[in-house]
Amino acid sequence: MLKNDILSILKANKGKHISGQELCEMLNVSRTAVWKCINELKSDGYIIESKHKSGYLLMEEPDIIDYMEISPYLKAEFIGRNYLHFESISSTNDYAKEIAPSATDGTAIVAEEQTSGRGRMGRHWVSNKGQGIWLSMILKPNLSPNEAVKLTQVAAVAVVDSIKEIADIRSGIKWPNDIVINSKKVCGILTEMNGEIDRVNFIVIGIGINVNVQNFPEDLCGKATSLSIETGKILDRKPLTASILNNFEKYYRIFLINGFSSIRNLCKEYSLTLNKDVKVIINNNECIGRAVDIDDDGNLIVVFKNGEKKTIASGDVSV
Ligand code: BT5
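Please read these numbers as outputs of a predicted model, since none were measured by experiment. (Residues numbered from 1 in each chain as written. Predicted model: local features only at pLDDT ≥ 70, side-chain atom pairs only at ≥ 80, totals over all residues.)

Quick notes on the sheet that holds strand β14 (residues 317–318)
- Strand order in the open sheet made by the 5 strands is β13-β12-β11-β10-β14, with antiparallel pairing throughout. The open sheet has two free edges, formed respectively by β13 (309–312) and β14, since each of these has just one partner strand. (Pairing = 2+ DSSP bridges. Helix = DSSP H or I, 4+ residues; strand = E, 2+ residues; numbered from the N terminus.)

Points about the sheet that holds strand β9 (residues 199–210)
- The 7 strands lie next to each other as β3-β4-β5-β9-β8-β7-β6, forming an open sheet whose pairing is mixed. Two strands close off the open sheet at either side, each with one partner strand: β3 (83–86) and β6 (172–174). Each adjacent strand pair in this sheet contributes to an overall mean axis angle of 20°, direction not counted.
- The pairing of β3 with strand β4 (residues 108–111) spans 4 bridges and is classified as parallel. What sits directly across from His 85, in β4, is Val 110.
- Running over the sheet, helix α5 (residues 92–99) touches β4, β5 (132–139), β8 (184–196) and β9 and is turned about 20° from β5. (Axes fitted to C-alpha atoms, helices over the stretch in contact; angles between N-to-C directions. Contact = placed C-beta atoms within 7 Å.)

As for the pairing of β9
- In terms of residue burial, β9 counts as a mostly covered element, since 10 of its 12 residues are buried.
- In this sheet, β9 lies alongside β5 in antiparallel orientation, the contact comprising 8 bridges. Paired with Leu 139 across the bridge in β9 is Ile 203.
- Relative to β9, β8 runs antiparallel, the two sharing 10 bridges. Across the sheet, Ile 189 pairs through a bridge with Ile 207, a residue of β9. (Buried ≥ 20, exposed ≤ 12 C-beta atoms within 10 Å, placed from the backbone.)

Section: the domain arrangement of the protein chain
- Per the domain assignment, the segments of the protein chain are domain 1 (2–60), domain 2 (67–270) and domain 3 (277–318).
- Of note, the centres of domain 1 and domain 2, computed from C-alpha atoms alone, are 34 Å apart. (Domains from an automatic or database assignment.)

Regarding the site of the ligand
- What surrounds the ligand is a group of 28 residues, the closest being Ser 91, Gly 119, Gly 188, Gly 206 and Gly 208.
- Secondary structure elements with two or more residues in the shell around the ligand: α5, β5, β8 and β9.
- Taken together, the residues of the shell around the ligand break down into 9 nonpolar, 14 polar and 5 charged. (Near = placed C-beta within 6 Å. Nonpolar A, V, L, I, M, F, W, Y, C, P; charged D, E, K, R; others polar.)

Here it is, written out as structure tokens:
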């Protein structure tokens, strides 16, 4: 796309004017085509100085997480290489499921805002405009459905690493799908699957991270937090988005080659649930026990007061 080519040149020449003539020659297009693209970039939020005789200078880039903005940080080879960015969408997971049958493995869908962001069991996920990373990845591994459910843990480990890398703060995993800082949820993961009994057609992993959210609705106060609240800084979402894709690809490859057992130690190290008393809902009854292990299948092992040991495969566990 011409607009992206022009943007790449302006980015590569930061601090330096590039004349319209130079752009025309480099890209073999007309002056009008260049001018049209510059105007489009300006309306996308890029601040571009246009000076008679000296040309165009990129002064400021918008706070958006489209491919052009995140790709300088993207090292992953297939996760996020097909990258669809939306200003606003109902839910990146819903859209991912819609397009998954014909989408390539590793496709990422990212939105600045979700109008119907979802958690598990139809719960609402607050997805403020421009303040978080609302991301879904489409995966097409050759796995059985019971292997696929472990991908939530793989994603959780990747998110903890990325938060440390970019925000320089330690977070932990509240089994199975919450990332927590100071006892408050900063990120939730929603893994959804389409397949048959013994075969996965596709998996969608949705990750929602509160990056620069400052205020939450009343019902989430005291329960939710953001990286900005925890660090006292406004963070750049671009390297964080790319880092999540990079780290996810790294752990996903390890998982596919060596199985979940190779990720298990990190899950245990990052776990905020292990060695704590937990409430588990079993057949609509609330039972209290101690979380003692995460097994090779990613299940939580809980020992109850009566000495009974149970393997919890999914569901709601609260510390
Ligand atoms: C989750 O569900 O934590 C999974 C959230 C996944 C969100 C991503 S964003 C991209 C992709 N597209 C989607 O539509 N979804 C995924 P669960 O464990 O059921 O937690 C949901 C609960 O978290 C809600 O009932 C609230 O109590 C709380 N919550 C809602 N919004 C939140 C937020 N922004 N931050 C922290 N907690 C929130």
